Amino acid sequence: MYKKNCPIVKFLLTICLFLFVVSAAAQITYETCFVDYDSAWQFRNLKIIPIRRKPGMGIPPQRGIVPLNQALKQGLVTVTERGTTSFENVHWLRFNTHGKVPVYIAGGEIIAGGRQDRMIVRDTILQPMEKDQYVPVMCVEEQRWSEKEKKFGYGNFANKQLRKVLDSTGNQVSIWREVDRQLLAGAFKNKTLSYLSRYEDKKYLAVEDEYFRFFMGKFAKTDSNVIGFVAITGDKIIGTDIFDGTDLFYPQLDPLLHGYIDDVVTAGLPVRLADPPVKRYMDRLLKDEKSQEEFVKDKGKIFRDGGRVIHVNTYTKETPVP
């Protein structure tokens, strides 16, 4: 029988501990993170509760994955149309990488320009390579198909209402209907039924900017271990977005906030949901891997890369289970 101080036993115990930590760190559950209810921030009709990574559950610093908004700014990726007519490959865009780092694209991100604005269908990691890479998209600008292709640019995350329709139906007509419903509800002037037309409305921009400056200021002053948040308006949880590390969360915080704030500016109500039902909602999401899988079946998505959970997002328009 080996003694406790035997080198072999110590080695095996070290290996077991290492494997346990690696396995735990590969998931986004209460093992690796916690919901910081005491640090919640509220401005008008939006309440945000940060989700933080637990001490000792850090990930390797800066894995080199660059989010899409940063990759476009840095010239690490270009986006072009795949087809040349309205009947050819409308639901795909061509991506070409120009560096030595992978590019992370999240479902619900909007690419503006081309022959019409598009929304990314699902999370994807583009590996650096010379060959073309194609990403599935949906149109969020129904009445435009330009003969001349405009340069593509970044258009933030869509709001949770539209992302929910995307994830739950995957249907182009349903997405157009939701965009049209939102444009009518917000009385946004537009010529092409574009989701992004709201960003041309001065009154909307003024209100949206107040929310944005408030929450960005709060995130800037808090500890830099936030990996996601849960957002609330009225008596409903709008949704959650949680990433497996700060190196993916913070570069996407700007466009993520724009998406959540849009929900509140267009359809928000005074916050009256207390913490207990939020905790029950989050318990179902973060308790363990099995309950998480069940919970997101009709309320969100989980994105994995090489067995590691990279991104978990959920949404709901309903009051959480009492």
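Structural data are supplied above this passage.
Fair warning: this is a prediction, and the values are worked out from it, not measured in the lab. (Residues numbered from 1 in each chain as written. Predicted model: local features only at pLDDT ≥ 70, side-chain atom pairs only at ≥ 80, totals over all residues. Heavy atoms only, no water.)

A. Broad picture of the sheet that holds strand β7 (residues 103-105). Spatial ordering of the open sheet is given by β4-β7-β10, a layout of three strands whose pairing is mixed. Each of the sheet's edge strands pairs with one partner strand only, and the pair in question is β4 (66-67) and β10 (124-126). Here β4 pairs with β7 via two bridges, running parallel. What sits directly across from P67, in β7, is Y104. (Pairing = 2+ DSSP bridges. Helix = DSSP H or I, 4+ residues; strand = E, 2+ residues; numbered from the N terminus.)

B. Structural context of the pairing of strand β15 (residues 300-305). Inspection of the sheet shows β15 paired to strand β16 (residues 308-315) by six bridges, in the antiparallel sense. Considered in β16, the bridge of F303 is made with H311. Connecting β15 to the next strand, β16, in antiparallel fashion are two residues, including G306 with a positive phi near 60 degrees.

C. Broad picture of the environment of I310. Here I310 lies in strand β16. Assessed through its relative accessible area of 3%, I310 is described here as buried. C-alpha of I310 to C-alpha of A26: the two residues are 284 residues apart in sequence and 8.2 Å apart in space. (Buried < 20%, exposed > 50% of the residue type's maximum accessible area, 1.4 Å probe, protein only.)

D. Summary view of the packing of aromatic side chains. Taken as a whole, this structure holds 15 aromatic pairs when the rule is applied. Plain terms: the ring middles of Y199 and Y204 are 5.8 Å apart, the flat faces sit at 80 degrees to each other, and that makes the pair edge-to-face. In terms of burial, Y199 and Y204 fall into one category: buried. Relative to Y250, the ring of F249 has its centre 5.2 Å away and its plane inclined at 70 degrees; by these criteria the two rings are edge-to-face. Accessibility expressed as a relative area gives 0% for F249, which makes it buried. Here the aromatic cluster, defined as three or more aromatic residues joined through ring pairs, consists of W41, Y104, F219, F229, F243, F249, Y250, Y260 and F303. (Phe/Tyr/Trp six-rings, centres within 6.5 Å; stacked < 30°, edge-to-face > 60°.)

E. Region of interest: unusual backbone geometry. The phi dihedral of N156 falls on the positive side, at around 70 degrees, and the residue is not glycine. Of note, N156 is situated in strand β12 (residues 150-157). Its relative accessible area of 16% is what places N156 among the buried residues. Of note in the backbone geometry, L193 takes a positive phi value of approximately 55 degrees without being a glycine. Summarising the element assignment, L193 is placed in the loop between α4 (172-186) and α5 (202-221).

F. How the structure looks around the sheet that holds strand β5 (residues 77-81). If you trace the six strands from one edge of the open sheet to the other, you get β5-β6-β11-β9-β8-β12, paired in antiparallel fashion. Each edge of the sheet is formed by a strand with only one pairing partner; in this case those strands are β5 and β12. Taking each pair of neighbouring strands and ignoring which way they run, the sheet shows an average axis angle of 35 degrees. By the bridge criterion, five bridges tie β5 to strand β6 (residues 92-97) in an arrangement that is antiparallel. Among the inter-strand pairings, V77 is bridged to a residue of β6, identified as T97. (Axes fitted to C-alpha atoms, helices over the stretch in contact; angles between N-to-C directions.)

G. Seen up close, helix α8 (residues 289-296). Turning to α8, its buried residues are S291, Q292, F295 and V296. For α8, the buried positions fall inside an angular range of 120 degrees around the axis, keeping them on one side. On its buried face, α8 is in contact with α7 (275-286), β15 and β16. At the N-terminal end of α8, a side-chain oxygen is found 3.2 Å from the backbone nitrogen of K290, two or three residues along, and the residue is D288. (Arc of directions from axis to C-beta. Contact = heavy atoms within 4.5 Å. Polar contact = N/O pair within 3.5 Å; in protein donor to acceptor, adjacent residues only side chain to side chain.)

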